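Commentary on secondary and tertiary structure
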Amino acid sequence: QEADSGVRGRMPGNDAGQVASTLRTNDLNQIPLLQLALYWPQPIPPRGAQMAMELNHYLEMMADRSASDLFLSPGAPPNIKIEGFTRHIGAKPLTTADVRQMAYSVMNDRQQSEFEDQWEMNLAFAMGDIGRFRINIYRQRGDVTMAVRYVTNKIPSLEELNLPPLLKDLIM
């Protein structure tokens, strides 16, 4: 049984304008694009403080473990990429509401509006001394999904990058 995507409202073209039943994620693929453009879910849920804290926890974990990427997708546990290998963080799959609330917690009102129009948002997010993150929020199969890239505050030296000393002479 599919999870409820939380999309409810009036569908254009329904007999006598009846309220549509709950749409499931795969149902969105069956709606003609023009009809889908005329229909949008009811107002966005309020920013969930708990989900924002959960996202901050994942971002701190990325920095602590020197992870390059974090993937948040409904129906799957969070995934983190460390040294080229992607691993689950825990076993509990995220819900559609979890990912949506985390995504909306990092967007301001203008970004939320643009996301609802374009179904994609790219933004930067900074966490004090921890570092910066490049966040891509997009729709995948009708659900909000996130990919996060960690951008460290520390710029490695030429020696740490194992580059030849000759490059130091060229750039200085």
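Quick look at the structure, then. (Residues numbered from 1 in each chain as written. Predicted model: local features only at pLDDT ≥ 70, side-chain atom pairs only at ≥ 80, totals over all residues. Heavy atoms only, no water.)

Where strand β6 (residues 120-127) lies against strand β7 (residues 131-140), 8 bridges are found, and the strand directions are antiparallel. Considered in β7, the bridge of E120 is made with Y138. (Pairing = 2+ DSSP bridges. Helix = DSSP H or I, 4+ residues; strand = E, 2+ residues; numbered from the N terminus.)

Here we come to the sheet that holds β6. Strand order in the open sheet made by the 6 strands is β5-β4-β3-β8-β7-β6, with antiparallel pairing throughout. Edge positions in the sheet fall to β5 (85-88) and β6, since each has one partner strand and no second. Neighbour-to-neighbour, the strand axes of the sheet open up by a mean angle of 20°, direction not taken into account. In this sheet, strand β8 (residues 143-151) lies alongside β7 in antiparallel orientation, the contact comprising 9 bridges. When the sheet's bridge partners are listed, I137 is paired in β8 with M146. (Axes fitted to C-alpha atoms, helices over the stretch in contact; angles between N-to-C directions.)

Further remarks concern the packing of aromatic side chains. Describing an aromatic ring pair means giving the distance of the ring centres and the angle of the ring planes. All chains considered together, the criterion is met by 2 aromatic pairs. Ring plane angle 40° and centroid distance 5.2 Å describe the contact between F133 and Y150, whose orientation is recorded as tilted. With F133 in strand β7 and Y150 in strand β8, this pair connects stretches of sequence that are 17 residues apart. A relative accessible area of 1% places F133 in the buried class. Under the relative-accessibility criterion, Y150 is labelled buried at 16%. Seen from the ring of W119, R139 lies directly overhead, with NZ or CZ sitting 5.2 Å from the centre. (Phe/Tyr/Trp six-rings, centres within 6.5 Å; stacked < 30°, edge-to-face > 60°. Buried < 20%, exposed > 50% of the residue type's maximum accessible area, 1.4 Å probe, protein only. Lys NZ or Arg CZ within 6 Å of the ring centre and 35° of its normal.)

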